[in-house]
Amino acid sequence: QVQLMESGGGLVHPGESLTLSCAASGSISSTYALGWFRQPPGKERELVGWVSNFGSTTLAEPVKGRFTISGDNAKKTVSLQMNVLRPDDTATYYCYLYQYEEGSNTWGEGTLVTVSS
């Protein structure tokens, strides 16, 4: 069984930075992507970004230039460095694993990020 362990959420002021981390454990296929979605209050879940273990990376337009996503294949972890945070970045952030061979999705429990003055 695959598990995702998230860490790093919290309350920050506008303009500050925060880093989210997620570690995947269990039986994971040889090709996968680890990443983050977020769900702002009262809105639908949306993609933030992901990185695959074969070198592909993507970031959503609203966070490009402010967020950086990176993965460690050996540890099966993904980190999301969030800079210049804005109030509209306030959301529950969910770690996400997609396993290509199985075509399966796994979600973390979510970690809350609040950006407020």
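These notes cover the structure that comes with them. (Residues numbered from 1 in each chain as written. Predicted model: local features only at pLDDT ≥ 70, side-chain atom pairs only at ≥ 80, totals over all residues. Heavy atoms only, no water.)

With respect to the environment of L85
At step 1: Position of L85 relative to the elements: it lies in the loop between β8 (77-82) and β9 (91-99).
At step 2: Using a relative accessible area of 2% as the deciding quantity, one classes L85 as buried.
At step 3: Once the C-alpha coordinates of L85 and E101 are considered, the two residues, 16 residues apart in sequence, prove to be 35 Å apart.
At step 4: The residues contacting L85, other than those within four sequence positions of it, are V12, P14, G15, E16, S17, L18, R66, F67 and V115. (Helix = DSSP H or I, 4+ residues; strand = E, 2+ residues; numbered from the N terminus. Buried < 20%, exposed > 50% of the residue type's maximum accessible area, 1.4 Å probe, protein only. Contact = heavy atoms within 4.5 Å.)

With respect to the pattern of salt bridges
At step 1: For the coordinates displayed, the defined rule picks out 5 salt bridges.
At step 2: E61 is paired through a salt bridge with K64; the nearest N and O atoms lie 2.9 Å apart.
At step 3: Notably, a salt bridge pairs R86 with D88, separated by 3.2 Å at the nearest N-O pair.
At step 4: With relative accessibility at 48%, the residue D88 sits in the partly exposed group.
At step 5: The structure contains a network of salt bridges with shared partners spanning R38, E46, R66 and D89. (Salt bridge = Lys/Arg side-chain N within 4 Å of Asp/Glu carboxyl O.)

A few points about unusual backbone geometry
At step 1: At K76, a residue that is not glycine, the phi angle is positive and equals roughly 55°.
At step 2: Take K76: it is sitting in the loop between β7 (67-72) and β8.
At step 3: We classify K76 as partly exposed; its relative accessible area is 27%.
At step 4: Phi is positive for V84, close to 45°, though the residue is something other than glycine.
At step 5: Tracing the backbone shows V84 in the loop between β8 and β9.

Some thoughts on the packing of aromatic side chains
Centre distance and the angle of the planes are the two values used to describe a pair of aromatic rings.
At step 1: Per the stated rule, a full pass over the model turns up 5 aromatic pairs.
At step 2: On the basis of an interplanar angle of 65° and a centroid distance of 5.1 Å, the ring pair of F37 and Y96 is categorised as edge-to-face. Placement of the pair is F37 in strand β4 (residues 32-39) and Y96 in strand β9, with a sequence separation of 59 residues.
At step 3: Judged by its relative accessible area of 18%, F37 falls in the buried class.
At step 4: Using a relative accessible area of 14% as the deciding quantity, one classes Y96 as buried.
At step 5: Ring plane angle 65° and centroid distance 5.4 Å describe the contact between F54 and Y100, whose orientation is recorded as edge-to-face. (Phe/Tyr/Trp six-rings, centres within 6.5 Å; stacked < 30°, edge-to-face > 60°.)

Keep in mind that these numbers describe shape and distance, not what the molecule does.
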